[in-house]
Amino acid sequence: MIVSLIVAMDEAGGISLDGRLPWRLSSDLQRFKALTMGHHLVMGRKTFDSIGRPLPGRTTIIVTRQLNYHPAGCLVANSLEIALELARGGGESEVFVIGGGEIYAQSLPCADRIYLTCVHTRVAADTFFPAFDPSEWEAVQVVESPVGEKDQFPYTFTVMQRR
Ligand SMILES: NC(=O)c1ccc[n+]([C@@H]2O[C@H](COP(=O)([O-])OP(=O)(O)OC[C@H]3O[C@@H](n4cnc5c(N)ncnc54)[C@H](OP(=O)(O)O)[C@@H]3O)[C@@H](O)[C@H]2O)c1
């Protein structure tokens with residue numbers, strides 16, 4: 001099973017402010033939907049709270065330390081390792097770790113691939129993607145996206161594979 005992280009961050013690694021995405025990027029959300037459709041998604045409990053519902057067409061696995069947390073339509077795991085085992089046990093070929101900051105930091109060491117949207121701006125942020133060593137990763141796809149009709153900023157979408 002491939003472990004993929006998928007993230008949108010600004011040029012300083014910022015990913016959110018006050019529990020919300022600090023930008024509006026409709027075309028990137030559409031790509032997120034297309035890439036993740038049909039797959040297992042692993043997310044931290046705070047990220048699930050910010051989304052508020054399981055995403056249709058995908059299996060939502062929430063990582064939490066709480067023992068009595070069971071939102072409808074979701075699987076719950078009390079560790080990242082258990083979450084990945086649930087995906088593997090479900091016959092997954094590529095699991096998507098979709099954040100947030102705590103879960104990215106814990107899953108980066110075991111990630112095989114990163115789908116990275118770098119938003120060309122610097123926003124106020126209180127949550128960040130962890131620093132990573134670019135020399136450990138090879139860019140296998142790079143797409144420059146100009147500001148689309150429903151996009152607030154230009155961005156670069158890069159698929160990175162661990163060397
Ligand atoms: N820009 C992007 O691409 C992007 C993507 C995803 C999320 N985000 C943003 O990121 C923010 C949330 O990030 P965050 O770092 O604050 O929180 P998070 O990583 O989403 O969730 C943290 C929570 O996960 C649980 N957790 C973490 N490690 C665990 C472990 N080892 N075992 C069991 N449970 C564990 C805990 O839940 P309990 O407290 O319930 O125990 C913890 O409070 C949101 O604002 C969201 O909008 C941005």
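Residues numbered from 1 in each chain as written. Predicted model: local features only at pLDDT ≥ 70, side-chain atom pairs only at ≥ 80, totals over all residues.

Asker: Explain the site of the ligand here, please?
Answerer: Taken together, 28 residues form the shell around the ligand, and within it Gly44, Thr47, Gly99, Gly100 and Gly101 come nearest. Taken together, the elements giving at least two residues each to the shell around the ligand come down to β1 (2–10), β2 (14–16), α2 (45–51) and α4 (101–107). Looking at side-chain class alone, the shell around the ligand contains nine nonpolar, 14 polar and five charged residues. (Near = placed C-beta within 6 Å. Helix = DSSP H or I, 4+ residues; strand = E, 2+ residues; numbered from the N terminus. Nonpolar A, V, L, I, M, F, W, Y, C, P; charged D, E, K, R; others polar.)

Asker: Honestly, the pairing of strand β4 (residues 59–63) in this entry has me stumped. Any pointers?
Answerer: Both faces of the sheet carry side chains from a regular strand, because those side chains alternate between them. Burial of β4 is extensive: four of the five residues sit out of reach of the surface. The parallel pair strand β3 (residues 40–44) and β4 is bridged by α2, and the resulting crossover is right-handed. Of the strand pairs in this sheet, β4 and strand β5 (residues 75–77) are connected by three bridges, and their pairing is parallel. Of the residues in β5, the one forming a bridge with Ile61 is Leu75. (Buried ≥ 20, exposed ≤ 12 C-beta atoms within 10 Å, placed from the backbone. Right-handed = clockwise from strand over helix to strand, strands pointing away. Pairing = 2+ DSSP bridges.)

Asker: I would appreciate a short explanation of the environment of Trp23 in the present structure.
Answerer: On the secondary structure map, Trp23 appears in the loop between β2 and α1 (26–36). For the pair Trp23 and Gln141, spaced 118 residues apart in the sequence, the C-alpha separation amounts to 23 Å. When sequence neighbours within four positions are dropped, the list of residues in contact with Trp23 reads Val119, Val123, Gln152 and Phe153. (Contact = placed C-beta atoms within 7 Å.)

Asker: Even after reading the chapter, I still don't get the sheet that holds strand β9 (residues 137–145), so can you show me in this structure?
Answerer: Hydrogen bonds between backbone groups are what pair the strands of a sheet, and the pairing can be parallel or antiparallel. Sheet architecture is open: eight strands sit in the order β5-β4-β3-β6-β1-β7-β10-β9, paired in mixed fashion. Of all strands in the sheet, those bounded by a partner on one side alone are β5 and β9. Each strand axis lies, on average, 20 degrees off the axis of its neighbour in the sheet, ignoring direction. Each of β1, β3, β6 (94–97), β7 (113–119), β9 and β10 (155–162) touches α1; the most contacted strand, β1, lies at about 175 degrees to it. Where helix α3 (residues 80–89) meets the sheet, its contacts fall on β1, β3, β4, β5 and β6, and the angle it forms with β4 comes to roughly 165 degrees. (Axes fitted to C-alpha atoms, helices over the stretch in contact; angles between N-to-C directions.)

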